[in-house]
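# What the coordinates show
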Amino acid sequence: MAAGAAYALRRSHYGLPAGFRSMGEVYLGATGVPLSQSSPSDVHALNARNLFGAGQPRLYAMVGEADGTGAMAVELYPVPDDDYTLDFVYQRHPVVVET
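Calculation criteria
Residues numbered from 1 in each chain as written. Predicted model: local features only at pLDDT ≥ 70, side-chain atom pairs only at ≥ 80, totals over all residues. Heavy atoms only, no water. Helix = DSSP H or I, 4+ residues; strand = E, 2+ residues; numbered from the N terminus. Polar contact = N/O pair within 3.5 Å; in protein donor to acceptor, adjacent residues only side chain to side chain. Pairing = 2+ DSSP bridges. Contact = heavy atoms within 4.5 Å. Axes fitted to C-alpha atoms, helices over the stretch in contact; angles between N-to-C directions. Buried < 20%, exposed > 50% of the residue type's maximum accessible area, 1.4 Å probe, protein only. Phe/Tyr/Trp six-rings, centres within 6.5 Å; stacked < 30°, edge-to-face > 60°. Core = buried A, V, L, I, M, F, W, Y, C linked by side-chain atoms within 4.5 Å.

### Observations regarding the side chain of Ser 12
Position of Ser 12 among the secondary structure elements: in the segment before β1 (13-15). Within the local environment of Ser 12, its side chain forms a polar contact with the side chain of His 13, the two groups lying 3.2 Å apart.

Here it is as structure tokens:
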């Protein structure tokens, strides 16, 4: 790494809503382009190699949050180069209502 070089930190994991259970198709909100689902190991390997740098996401994988809470997240590839909205319909675990 060169001294004085500029670096950009970007995230590839995004947490899903509390109680998340499952979801259907995932689309890029602005364009309506569907993302392809891939395995967590494939998406992670692609991001680790960083072959094409950051860009508009094309793939996603369902992964567990690294915080150990059991929550779910999506990992995107390539790592987003800008702000993107993901559109999806999801099911959540029912909320226990006490009377």
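### Examining the sheet that holds β1
If you trace the four strands from one edge of the open sheet to the other, you get β1-β5-β4-β3, paired in mixed fashion. Edge positions in the sheet fall to β1 and β3 (36-37), since each of these pairs with one other strand and no more. The pairing of strand β4 (residues 59-64) with strand β5 (residues 72-77) spans six bridges and is antiparallel. Opposite Tyr 60, over in β5, you have Leu 76 as the bridge partner. Strands β4 and β5 of the sheet are contacted by helix α1 (residues 40-49), whose axis makes an angle of about 50 degrees with β5.

### A closer look at the pairing of β5
Within β5, five of the six residues are buried, which leaves the element mostly enclosed by the surrounding structure. Alignment of β1 against β5, held across three bridges, turns out to be antiparallel. Its bridge partner being in β5, Gly 15 is matched across the sheet by Ala 73.

### What to know about the packing of aromatic side chains
Evaluation of the coordinates by the stated rule reveals two aromatic pairs. Residues Phe 88 and Tyr 90 carry aromatic rings whose centres are separated by 6.0 Å and whose planes lie at 55 degrees to one another, so their mutual orientation is tilted. By relative accessible area, which is 26% here, Phe 88 ends up partly exposed. Note on Tyr 90: relative accessible area 31%, which makes it partly exposed.

### Quick look at the side chain of Asn 47
Relative to the helices and strands, Asn 47 is located in helix α1. Discounting residues that sit within four places of it in the chain, Asn 47 has contacts with Ser 12, Glu 75, Leu 76, Tyr 77, Pro 78 and Val 79.

### What to know about the nonpolar core
Core analysis: the biggest nonpolar cluster contains ten residues, these being Leu 16, Phe 20, Met 23, Val 26, Leu 28, Leu 35, Tyr 60, Met 62, Val 74 and Leu 76. Mapped by element, the contributors of at least two residues to this core are β2 (20-28), β4 and β5. Take this core: its biggest share by element is four residues, from β2. In this structure Leu 28 touches Val 33, Leu 35, Gln 56, Pro 57, Tyr 84, Thr 85 and Leu 86, once residues within four positions along its chain are discounted.

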